[in-house]
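Here are the chains, one letter per residue:
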Amino acid sequence: MKIIDKKIIAPNVHEMTLAAPGIAEKARAGQFAIAIPNRFSERTPLTLADWDAGKGEVSVVFLEIGDATRDLAALTTGDEMYSFTGPLGQPFDIDKFGKVGLVGGCYGIGGILPAARAMQAAGNEVVAFSEARSSFLLYWNDKLEEAAHDVRYSTSDGSLGRKGHAHDLLAENLEEGEHFDRILAIGCTFMMYRIAQVTRPYQIKTVVSMNPIMIDGTGMCGACRLSIGGKTKFACVDGPHFDGHEVDWDVVLARRKAYLEEEIVAKER
Amino acid sequence: MAKIIPTKTPMREQPAAQRVRNFDEVPHGYSLEEAVQEAKRCLQCKKPFCVEGCPVGIDIPSFITYIKEKKLREGIDRIKETNILPAICGRVCPQEEQCEKRCILGKKHQPVAIGRLERFLADWERNEGKAELPVVAKKTGKRVAVVGAGPAGITVAADLVKQGHEIDVFEALHEPGGVLVYGIPEFRLPKDIVFTEIDFLKKLGVRIHLDTVIGMITSLDELLEEFDAVFIGTGAGLPWFMGLSGENLNGVYSANEYLTRANLMKAYLFPKYKTPITVGKRVATIGGGNVAMDCARSALRLGAEESILIYRRAREQMPAREEEIHHAEEEGIQFNLLTNPIAYHGDGRGWLKNIECIRMELGEADESGRRRPVPVDGSNFMIPADVLVVAIGNSPNPLIPNTTPDIATTRWRTIETDPETGRTSKRGVFAGGDVATGAATVIQAMGAGKIAARGIQAYLETGEW
Ligand SMILES: Cc1cc2nc3c(=O)[nH]c(=O)nc-3n(C[C@H](O)[C@H](O)[C@H](O)COP(=O)(O)OP(=O)(O)OC[C@H]3O[C@@H](n4cnc5c(N)ncnc54)[C@H](O)[C@@H]3O)c2cc1C
Ligand SMILES: Cc1cc2nc3c(=O)[nH]c(=O)nc-3n(C[C@H](O)[C@H](O)[C@H](O)COP(=O)(O)OP(=O)(O)OC[C@H]3O[C@@H](n4cnc5c(N)ncnc54)[C@H](O)[C@@H]3O)c2cc1C
Ligand code: SF4
Ligand code: SF4
Ligand code: FES
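Remember, it's a predicted structure, so these values are computed and weren't measured experimentally. (Residues numbered from 1 in each chain as written. Chains lettered and ligands numbered in written order. Predicted model: local features only at pLDDT ≥ 70, side-chain atom pairs only at ≥ 80, totals over all residues. Heavy atoms only, no water.)

1. Here we look at the overall build of chain A
Along its length, chain A carries 9 helices and 16 strands. At 18 Å, chain A has a C-alpha radius of gyration in line with the 18 Å of a compact globule built from 269 residues. At a minimum sequence separation of 6, the contacts of chain A that also span at least 24 residues come to 63%. Here chain A has roughly 10600 Å² of accessible surface; of this, 50% comes from carbon and sulfur atoms. Separation of charge centres in chain A, based on 29 positive and 37 negative side chains, amounts to 3 Å. (Helix = DSSP H or I, 4+ residues; strand = E, 2+ residues; numbered from the N terminus. Rg over C-alpha atoms; globule rule 2.2 N^0.38 Å. Contact = heavy atoms within 4.5 Å. Areas by Shrake-Rupley, 256 points an atom, 1.4 Å probe, with all protein chains shown as cover. Lys, Arg positive; Asp, Glu negative; His and termini not counted. Charge placed at Lys NZ, Arg CZ, Asp CG, Glu CD.)

2. Some words on the interface of chain A and chain B
On the chain B side, the residues contacting the 44 residues of chain A number 43 residues. A combined buried area of about 3500 Å² lies between chain A and chain B, and 57% of that area is made up of carbon and sulfur atoms. In this structure, the connection of chain A to chain B is made through 2 salt bridges. A salt bridge links lysine 274 of chain B to aspartate 71 of chain A; the nearest nitrogen and oxygen atoms lie 2.9 Å apart. The tally of links between chain A and chain B comes to 15 residue pairs in polar contact (both at pLDDT 80 or more). The set of elements that each furnish at least two residues to the side of chain A that touches chain B consists of α1 (21–26), α2 (67–73), β7 (83–88), β14 (225–228), α8 (249–255) and α9 (260–268) of chain A. Among the elements that make up the side of chain A that touches chain B, the one with the highest residue count is β7 of chain A (6 residues). Partitioned by chemical class, the residues of the side of chain A that touches chain B number 21 nonpolar, 11 polar and 12 charged. (Buried area = accessible area lost by both parts, 1.4 Å probe. Salt bridge = Lys/Arg side-chain N within 4 Å of Asp/Glu carboxyl O. Polar contact = N/O pair within 3.5 Å; in protein donor to acceptor, adjacent residues only side chain to side chain. Nonpolar A, V, L, I, M, F, W, Y, C, P; charged D, E, K, R; others polar.)

3. Considering the site of ligand 4
Taken together, Cys42, Leu43, Cys45, Cys50, Pro61, Cys103, Ile104, Val112 and Ile114 of chain B make up the full set of residues near ligand 4. Across the shell around ligand 4, the residue classes break down as 9 nonpolar, no polar and no charged. (Near = heavy atom within 4 Å.)

4. Side note on unusual backbone geometry
Going from glycine 239 of chain A to proline 240 of chain A, the amide bond is cis rather than trans, its omega being 10 degrees. Backbone geometry at cysteine 106 of chain A places phi at a positive 40 degrees, although glycine is not the residue there. For cysteine 106 of chain A, the location among the structural elements is in the loop between β8 (99–105) and α3 (108–121). Even without being a glycine, lysine 266 of chain B presents a positive backbone phi close to 60 degrees. Looking at where lysine 266 of chain B falls in the secondary structure, it is placed in the loop between α13 (255–264) and β7 (282–286). Take lysine 266 of chain B: its relative accessible area is 18%, and that puts it in the buried class. (Buried < 20%, exposed > 50% of the residue type's maximum accessible area, 1.4 Å probe, protein only.)

5. Observations regarding the environment of valine 100 of chain A
Residue and element names in this part refer to chain A. Structurally, valine 100 can be placed in strand β8. Along the sequence, valine 100 and aspartate 181 sit 81 residues apart, while their C-alpha atoms lie 5.8 Å from each other. Once residues lying within four places of it in the same chain are set aside, the contact partners of valine 100 are Met119, Asn124, Glu125, Val126, Val127, Phe180 and Arg182.

6. Looking at the sheet that holds strand β2 (residues 13–19) of chain A
All names here are of chain A. Pairing is antiparallel in the open sheet, where 4 strands are placed in the order β1-β2-β6-β5. The open sheet is flanked by β1 (3–10) and β5 (50–52), the only strands paired with a single partner. Between one strand axis and the next, the sheet turns by 15 degrees as a mean value, whatever way the strands run. Sheet topology note: the β2/strand β6 (residues 57–63) ladder contains 7 bridges and is antiparallel. (Pairing = 2+ DSSP bridges. Axes fitted to C-alpha atoms, helices over the stretch in contact; angles between N-to-C directions.)

7. Digging into the environment of leucine 220 of chain B
Residues and elements named next belong to chain B. Take leucine 220: it is sitting in helix α12 (residues 220–226). Its relative accessible area of 1% is what places leucine 220 among the buried residues. Measuring from C-alpha to C-alpha, the distance between leucine 220 and lysine 203 comes to 27 Å, with 17 residues separating the pair along the chain. Beyond its immediate chain neighbours, meaning those up to four positions away, leucine 220 contacts Ile214, Val230, Ile232, Ile400, Thr404, Ile407, Lys426 and Val429.

8. Considerations on empty space enclosed by the protein
All names here are of chain B. Per the stated rule, a full pass over the model turns up 5 cavities of 30 Å³ or more. Space inside the second largest cavity adds up to approximately 110 Å³. Along the walls of the second largest cavity sit 16 residues, with Cys42, Cys45, Cys50, Cys103 and Ile104 positioned nearest its centre. Of all the secondary structure elements, the ones that give two or more residues to the lining of the second largest cavity are α3 (49–53) and α4 (60–68). (1 Å grid on protein atoms, 1.4 Å probe; cavity = no way out; pocket = protein on both sides within 12 Å on 5 of 7 lines; lining within 4 Å. Points joined across faces, edges and corners; volume = space filled by probe spheres on them.)

9. Description of the site of ligand 3
Around ligand 3, a shell composed of 13 residues is seen, among which Cys54, Cys93, Gln98, Cys99 and Glu118 of chain B lie nearest. A breakdown of the residues in the shell around ligand 3 according to their chemical character gives 9 nonpolar, 3 polar and 1 charged.

The following block contains the structure:
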């Protein structure tokens, strides 16, 4: 699959656009793809962040954090991606809910863009929450501002929007009496966990986009299993979106660390 | 008549102590002399029962005669009339349950080593490097979509392309081959062999589309708009878990995940290939089938110090092939028989530490005729392990039935098919292999592929359903 465009949109954050007409035609908000950057790399799940069915292009946004994402980052415009499979997973449940809050952090800022468009098209009032450590790490502000009715920023250093995290801002909004009919959160596990904590007392349905380790992405390996409401679910086919109030977060946070040791060997090589 | 040699001509193999540290194939295969010697054991029965035991009905006495006469080209061609994957079946078929079980010699002595002879011919052809292309019929203009590039799908594609139809195979993974590639380990079935067979298919004109998950990027109904018929051969890839507490601890794998990491993603070549696998010091595998043997034997090769098998029945009741059990024993896999896990305990930091087990004893026979294992009260004990592989079985992946509501499934979630034609409940759609039968064997999947190919051929000719 040909890489049409690849650029760095914030330090350590890459945007990549691929020629993938089949995926562009079928993609729906909340689905993902699995990329293998070169033939030695891992299968790496990436959320479909943007697409254009007319042009036959899809875009992903990724953070360079480990081996697989480093291999991805090493590819540039004009290169071939070794393998790219999608769309995978269930799309977001899009309907007219009323007022919807979309929370994006790290790669999830890209991830909430299609949700914002779809939710707006379905007649919702859409508020996007975009968070990062500092303003220079935020990206796609213009795209989000176009797709949502309101974009609220938060940065750890206070350089843009509220100082702190998205969950601090959301908690504040809720305390002030603002009402949301539904919340969707995409980003790092810890952020989604905190958002689910914040909305729990208000009983707002909170959908989180889980990102466990995956291999095939078709329900074959069981690596992505999660405990949801006491039942084992496979994130790649049953999800990746689940009710954040039903996720067994202890297990999720523990599984996160599974490959730490092996990743270190890979780095020391 | 010369006196019958009672035992099979032995096949040389890598010594156990050496092979447990590499992923190279275990048996080396026959030399020409050895093959001829073994071929001479065959009695050339007028009514060869062996053929009845082979799910695809290979003309066994005939190919064995060719080996005796050293006419290897003729021999392999004879096999390929019915079986397009002889190098694979000769290695992984449970011959002792199929062709060799019915061999007349087996009544008093060891049966003819049919599988080894089949493998010999296939390896000869591959090493010669000139697999002959069969004659392909004139183009019919009909198009058939095959979903899944496992043995069932490969067989359908090969049989129908020869009839002159245009064939497109859609495969979810980035490599074709199904379980042959992601499941069965390199030391039992070198992947180069599978890729040679797939190449052969491509040379016949079959188009293979990788990275294509049917049900997601294209629905079955969309395929039917473009193709005259569709075959579903998506296998039985959904892993079962036992639902025990602690199953989500780090270090607990399904057999599919463990083997996929090791085989498809080549974790045994880590860190050159970057997919990691937790090697562990003590690896325990739960189950007693071929899949469990593959996991337990892979564990040692990946570098584990000890590999332990936990199985709830007795050795005689293990569903794995005798040859695999024997290989596993030779390699020092520790068998914990009549033992069943009941819970997994962590080390407090999210990693597996102990498997709590209970002893079993054999009770009354159940419907299957096997004596049912029953737990012995109060016999709980711990087996320490840092990696655990759950190899208790798989069921068909529901992706296609879920996205195609008008396909009837059974209560075992397999797709309902007509055994004579491979037809499903949906017009123009056929199915076969593990998705229709539940987890079975390579040659059974190929047999189902052959039946479906005939069913599709008839449907394309008559248009009748
Ligand atoms: C459905 C789904 C969609 C995803 N979408 C995107 C996306 O659009 N963009 C993107 O950048 N990433 C996305 N991810 C996460 C991405 O797949 C992982 O970041 C990537 O696999 C890590 O590979 P690595 O080898 O580079 O890092 P590793 O070497 O595996 O990890 C490096 C460090 O990051 C931690 N880590 C590993 N995986 C994750 C994770 N999923 N989340 C947070 N920390 C992690 C590890 O514990 C380790 O400390 C998605 C994951 C899933 C399951
Ligand atoms: C570890 C292991 C060891 C085994 N050992 C032996 C042995 O020694 N001898 C023996 O005879 N049998 C053995 N078997 C069983 C044998 O491999 C299977 O019975 C056989 O492979 C079934 O073939 P199949 O074509 O039906 O399915 P599979 O081989 O499972 O192939 C199905 C293919 O379909 C693809 N697919 C699934 N869903 C989709 C979709 N939606 N879209 C596109 N593609 C899709 C899958 O990725 C896969 O490639 C073993 C099985 C395992 C798991
Ligand atoms: S395909 Fe299998 S069952 Fe048939 S003859 Fe060969 S080894 Fe025997
Ligand atoms: S049954 Fe045995 S001896 Fe008879 S033809 Fe078959 S292989 Fe030869
Ligand atoms: S990634 Fe393998 S089952 Fe979900």
